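In case you want the letters, here they are:
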Amino acid sequence: MTCGPDETPLPVRVARPSLFLDRLPPPAQPLPRWRVDLAPPDITPWRAGNCGIPGVMHYEGRRPGPHIVCVSLIHGNEFSGAIVLDRLLRMRIRPRSGRLSFIFANPEAMDLFDPRDPVRARCVEEDMNRVWSPATLAGSRSAHEIDRARMLLPVILTADRLLDLHSMLWPGDPLILSGLSAPGRQMARHVSGVETAVADQGHRSGCRLIDHPRFSDDGPAAACLLEAGQHWHDSTVARAMQAVLSLIGPCCGVPVPDAPTARRTMVVTNVVTARTGAFRFVAPFHGGQVLPARGTLVAHDGRDEIRTPYDRCMLVMPNLRPARGHTAVRFAHAARSPE
Ligand SMILES: [Zn+2]
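Residues numbered from 1 in each chain as written. Predicted model: local features only at pLDDT ≥ 70, side-chain atom pairs only at ≥ 80, totals over all residues. Heavy atoms only, no water.

The protein chain carries the name Peptidase M14 in an unreviewed UniProt entry, which gives Komagataeibacter melomenusus as its organism. As its UniProt record puts it under Cofactor (unreviewed entry), the protein chain is described as follows: "Zn(2+)". (UniProt positions renumbered as here; feature names shortened; annotations may be inferred.)

Right, let's talk about the domain arrangement of the protein chain for a bit. Domain parsing of the protein chain yields domain 1 (13-30 + 267-334) and domain 2 (44-262). Centre-to-centre separation of domain 1 and domain 2, based on C-alpha positions: 29 Å. Between domain 1 and domain 2, the residue contacts involve 18 residues of the former and 19 residues of the latter. Summed over the three residues of domain 1 that lose the most area to domain 2, namely V271, M317 and R330, the buried surface amounts to 31% of that side. (Domains from an automatic or database assignment. Contact = heavy atoms within 4.5 Å. Buried area = accessible area lost by both parts, 1.4 Å probe.)

Sequence positions flagged by UniProt for "domain: Succinylglutamate desuccinylase/Aspartoacylase catalytic" (unreviewed entry) are, in local numbering, residues 65-167. Overall, residues 65-167 shows 32% helix and 22% strand. The separation of its end C-alpha atoms is 29 Å. (Helix = DSSP H or I, 4+ residues; strand = E, 2+ residues; numbered from the N terminus.)

With that settled, the discussion passes to the sheet that holds strand β5 (residues 161-168). Judged by pairing direction, the sheet is mixed, and its eleven strands sit side by side in the order β2-β4-β3-β5-β8-β6-β7-β9-β15-β14-β11 without closing on themselves. Each edge of the open sheet is held by one strand with a lone partner, namely β2 (56-60) and β11 (290-291). Sitting on the sheet, helix α4 (residues 144-156) is in contact with β2, β3 (63-72), β4 (97-104) and β5, with an inclination near 170° to β4. Of the strands in this sheet, β3, β4, β5 and β8 (222-230) touch helix α7 (residues 234-252), which is tilted by about 150° from β8. (Pairing = 2+ DSSP bridges. Axes fitted to C-alpha atoms, helices over the stretch in contact; angles between N-to-C directions.)

It is worth spelling out the coordination of the zinc ion at this point. Protein ligation of the zinc ion involves H75 (ND1), E78 (OE), E78 (OE) and H166 (ND1), the donor distances falling in the range 2.1 to 2.5 Å. Between the four donor atoms coordinating the zinc ion, the angles at the centre fall across 56 to 146°, so the site counts as irregular. In the primary structure, the donors to the zinc ion are separated according to the pattern H-x2-E-x87-H. Linking E78 in the loop between β3 and α1 (80-90) with H166 in strand β5, this pair joins segments that are 88 residues apart in sequence. (Donors = N, O, S within 2.8 Å, 3.2 Å for Na, K, Ca; no water. Tetrahedral: all angles 85-135°; square planar, octahedral: opposite > 155°, others 65-115°.)

If you want it as structure tokens, here you go:
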């Protein structure tokens, strides 16, 4: 049960008064120089996989239990999750009960990583976190990431708990995203290491892994996406390790260090998609920032103004340089507790 704003939400997108149409939005700032403290891990021992699917390491415990799946490298330049899974594999972590799968989803994208231009290795051909609709997977269209998703599908379709490990380009509070399903929201509150859980309905531009019907229909399977921190920072690896251990520790007999679970759950109400190539935020907002007053101007999108629809509106992962057709920001309000 969630609570909406007390008053009727304001429209998020409004045409600017004609008086101001001659004023152009501020020009785009050049991209910052990104700090790169990490190098891609050497995942050579895991590339062939051990179960017939390249990049998938699968283990079975002696006792029955759930199938837990940890996924890294859905985005090739977000390799903190791959560093975590590589370390755990080298420690020979195994499940005592249930099944455990570690997935290196797109090593070929990570292979393109160049610290001099670190944002370019996100994918080989297209965003692998937009290809998971059954129609796309069953269709005839071929691309590196779609073909790879088809390859991984047998693991996804048997997952009971799935954690998809990502990191963020722009500064922002770490967070764990679930879809709107009850099992996903419940899982988000039990993974430790992040203080904010966000329930959302995904993106217009395509279906994420956590939105696959395996996790978004009424069944018991749950999936969450961890945004563990900024790309290429050591603290992001530590947070991803904490989250993974909190998920797999109990079935693998590994002690889980104490860390908080989500203290606040936010529900996304609006997904703002850039309609023009001239989407400009009015300030360098950071993810997790809460704007106190409704109607606050957040961005210009060509001739439209983007404003917060209600008081205490949280900005979820503002993309300070969105391309046309891409998500620029999401607006969220607090869920009524207990979730
Ligand atoms: Zn990502």
